[in-house]
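Each chain, letter by letter, is given below.
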Amino acid sequence: MNPLDYPFDGATLLQKKRSLRRELLQRQGLVEKKVAILSGSTIGEIKNMLELFLLNEGIKPEFFVGGYGLFYENLVFDDGSLAAFAPDFLYIHTSRKNIKELPLPTDSEEAVQAKLDAEWARFEAAFEAAKKLGCAVIVNNFDPPTHRLMGNRDAVDARGSVHFINELNARIATYVAKNDGFYLNDLAYLACRFGLDNWFSESEWYLYKYAVSMQYIPELCHSISLIIKSLLGKNKKGLVLDLDKTLWGGIIGEVGAEGVELSTETPGGMAYSEFQQYLRQLEDLGILLNVASKNEESIALTGFARDDSPLKRKDFLCFKANWEPKSENIAKIAQEINILPESLVFVDDNPAEREIVRQQLPGVVIASFDSPEGMIAALDRAGYFEVTALSADDAKRNEMYRQNLQRAAAQQSFGSYEDYLRSLEMTAELGGFDQPHAERITQLINKTNQFNLTTRRYTAQEVEALLGNPDAVTLYGRLTDKFGDNGLVSAMIGSVEGDRCTVELWIMSCRVFKRNLEQAMMDEFVRRCAAKGVKTIVGRYLPTAKNLLVKEIYGTMGFEKVSDDPAQTVFELDVASYRRQNEILTVVTKD
Amino acid sequence: MSEQEIFEGVQEIFRTVFDDDEIVLTREMTADDIEDWDSLEQINLLVAIEKKFSIKFKLDDVKNLPNVGAMLDLVKRLAG
């Protein structure tokens, strides 16, 4: 077991941090990112633990650590060093201990209000200064106080500390919701989850000024790392679920659909039923649900035909109920829906099955639980699907993949691939980046790994800055066909300098590879470049572990290879000699 | 718990924390003798010792620990 995978043992991580770091640094393909940590209290182990969790996600951080307790000064009166560091991510480590003045029982209503406004003004000023850095900003809310002068009334009375902190937390939540590029690390939730008496240690505060007890620093850093890896497109995309003793109690092949435990009238049944409901909600977030079970398919399906089964057959994309090894079924599922096996999480109660998958498909993450009542926590707390943005397309994702499987079935009945493509009656909407599409474009940029020529990531602010920029050529692509709307699935960014345009980014969702959208996108991109007087388009391929697929794509589109080395391959296109490629898609352009 | 058990337990923690299996503790050893032993690691060592011996240090216990010997004596007093 990887000691950093959830559920980890914090004490072990703290003690073994040096040897773990040494091992993790030897991994191939680490992505370097700059992370600034600003201090409201001791940072010390926070930097070390955050480094371990990021390395475990394949991210190699370079750190900037602000002065002790100087988060406000470092931001509002930046001497230039923070801006010069140019962080990709900024984490502001504040806590309840950074509230200067809590209310007193003798305060008037106006005095409490003034204190609240003064506290918030200070944090808001710090946040506004952070915003100017143009990077992703991760902020904490406040942990509840360890003591309550008035007891329970503290939460009700405006002069109570609990009430005051709740008010401040509401303001932080509102601020984060309104400001792109801000993300909340929910310190208040973490403190509740682990218990306030554990989360905060008076002696560690007095001795070392740790506002989070050392033993929970790994949990704190895990939480921060989840936000960062999510923003970098490293979330998992789907689940592969076992059936017997995972989605219901008992073995359906032996006791039949009515015999398995799923009804909410028994404690065990309730646990399975709630787990199914949780999975159905994950589906609404766009998480792909699949089954790999050792069962007869016809019998397995009867379980989902029960009236009281929260999940139905239609909720699953791939349904593999057979007697093949699960590792093979998982590999097939990944292939059929066209995602990488390492984007899948395997959920199975049987340790032997887990072990086979662990050995045969080392990239697949395996959920860790030992009883049905622990299944929701095993998925939820590991943060496989940490949501940093939620777009309308997410809720439709399962439907889109389902349509893709129908397309694959349709493809079998056509003599040539071209005939098949024509039969799809596809329309592409191509347009420059605009406000309504900016969020989805940012999300796509940051999670696309396979069809991604440069794997350059953009923050929401960087995408916004491109809107209406005369030196940028931007293009998004949306694809619709007779099976449905695939949504916004491709984006290109070019930077124009004189009569040359360099393609900084070209991405496409794996759902729509090889549907001629590649060609339609390039046609339109070239047309837009030509309109700006561009004579040469430069395309670069920067290899990663995942994007081999597109290594030669420029070469197939009329580009000349001008240099080729392990770090990058560079292609150039003479705009005047470009020939339109797409003859299949109907194209609608938007400006 | 014998002094030898305490000594070996604490030495094991030092070796893990500093990622160096060749550390041999002596009672006279101080932070000056181990390169990475700074105030941050001091906390880490103390938290690890608390966990290992199921003890809890009070503020006064850890205010003044000049060398390894003082640490061993403290563990002996609380876990002994």
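Bear in mind the structure is a predicted one, so any value in this text is a computation, not a measurement.

Asks: Account for the overall build of chain B, with residues named and values stated.
Replies: In terms of regular secondary structure, chain B is built from four helices and zero strands. The order of α-helices and β-strands along chain B, N terminus first, is α-α-α-α. Here the C-alpha atoms of chain B give a radius of gyration of 11 Å, agreeing with the 12 Å that 2.2 N^0.38 yields for 80 residues. Seen along its three principal axes, the alpha-carbon backbone of chain B occupies a region of about 30 × 25 × 20 Å. Summarising the internal contacts of chain B: among those between residues at least 6 apart in sequence, 63% fall at separations of at least 24.

Asks: Explain the overall build of chain A to me, and be specific about the residues and the numbers.
Replies: The helix and strand tally for chain A stands at 23 helices and 19 strands. For a compact globule of 591 residues, the expected C-alpha radius of gyration is about 25 Å, and chain A comes in at 26 Å, within 12% of that figure. With respect to the principal axes defined by its C-alpha atoms, chain A has extents near 80 × 70 × 50 Å. Relative to its 591 residues, chain A shows a buried fraction of 42%. Expressed as a percentage of contacts within chain A between residues at least 6 apart in sequence, the contacts between residues at least 24 apart total 72%.

Asks: Mind laying out the packing of helix H2 (residues 17-25) of chain A against helix H3 (residues 44-56) of chain A, listing which residues take part and the relevant values?
Replies: Residues and elements named next belong to chain A. One way to put it is that H2 packs onto H3 with a least axis distance of 10 Å and a crossing angle of 30°. In terms of axis orientation, H2 runs roughly parallel to H3. The element H2 and its partner H3 pack so that their crossing is left-handed. Contact residues: H2 offers Lys17, Leu20, Arg21, Leu24 and Leu25, while H3 offers Asn48, Glu51, Leu52, Leu55 and Asn56. For the contact of H2 with H3, the per-class residue count stands at five nonpolar, two polar and three charged.

Asks: So what's going on with the interface of chain B and chain A? Which residues, and what values?
Replies: Contact with chain B, which involves 14 residues of that partner, is made by 15 residues of chain A. Mapped by element, the contributors of at least two residues to the side of chain B that touches chain A are helix H1 (3-17), helix H2 (39-52) and helix H3 (59-63) of chain B. Ranked by the residues each element gives to the side of chain B that touches chain A, the list is headed by H2 of chain B, at six residues. Of the residues belonging to the side of chain B that touches chain A, the class tally is nine nonpolar, two polar and three charged.

Asks: Break down helix H17 (residues 375-382) of chain A for me, citing the residues and quoting the values.
Replies: Residue and element names in this part refer to chain A. When H17 is considered as a whole, its buried residues turn out to be Met375, Ala378, Leu379 and Ala382. With its buried residues spanning 85° around the axis, H17 presents them on a single face. Tucked inside the fold, the buried residues of H17 contact helix H13 (267-284). Trailing H17 by a residue or two, glycine 383 shows a phi angle of about 70°, which is positive.

Asks: Lay out the sheet that holds strand S9 (residues 344-347) of chain A in plain terms, naming residues and giving numbers.
Replies: Residue and element names in this part refer to chain A. Read across the open sheet, the five strands follow the order S8-S7-S6-S9-S10; overall the sheet is parallel. Looking along the sheet, the strands with just one partner apiece sit at the ends: strand S8 (319-322) and strand S10 (365-366). Both S9 and S10 contribute to a ladder of two bridges, which runs parallel. Within S10, the position partnered with phenylalanine 346 by the bridge is isoleucine 366.

Asks: Residues and numbers for the sheet that holds strand S5 (residues 182-185) of chain A, please.
Replies: All names here are of chain A. Taking strand neighbours across the sheet as the criterion, the five strands line up as S2-S1-S3-S4-S5 in an open arrangement whose pairing is parallel. Each of the sheet's edge strands pairs with one partner strand only, and the pair in question is strand S2 (59-65) and S5. Across the sheet, the axes of successive neighbouring strands diverge by a mean angle of 25°, strand direction being ignored. Two strands pair when backbone bridges link them, and strand S1 (residues 31-39) and S2 are joined in this way by seven bridges, in the parallel orientation.

The rules we used
- Residues numbered from 1 in each chain as written.
- Chains lettered and ligands numbered in written order.
- Predicted model: local features only at pLDDT ≥ 70, side-chain atom pairs only at ≥ 80, totals over all residues.
- Helix = DSSP H or I, 4+ residues; strand = E, 2+ residues; numbered from the N terminus.
- Rg over C-alpha atoms; globule rule 2.2 N^0.38 Å.
- Contact = placed C-beta atoms within 7 Å.
- Buried ≥ 20, exposed ≤ 12 C-beta atoms within 10 Å, placed from the backbone.
- Axes fitted to C-alpha atoms, helices over the stretch in contact; angles between N-to-C directions.
- Parallel < 35°, antiparallel > 145°, perpendicular 65-115°, else oblique.
- Left-handed = near helix turned anticlockwise from the far one by under 90°.
- Nonpolar A, V, L, I, M, F, W, Y, C, P; charged D, E, K, R; others polar.
- Arc of directions from axis to C-beta.
- Pairing = 2+ DSSP bridges.

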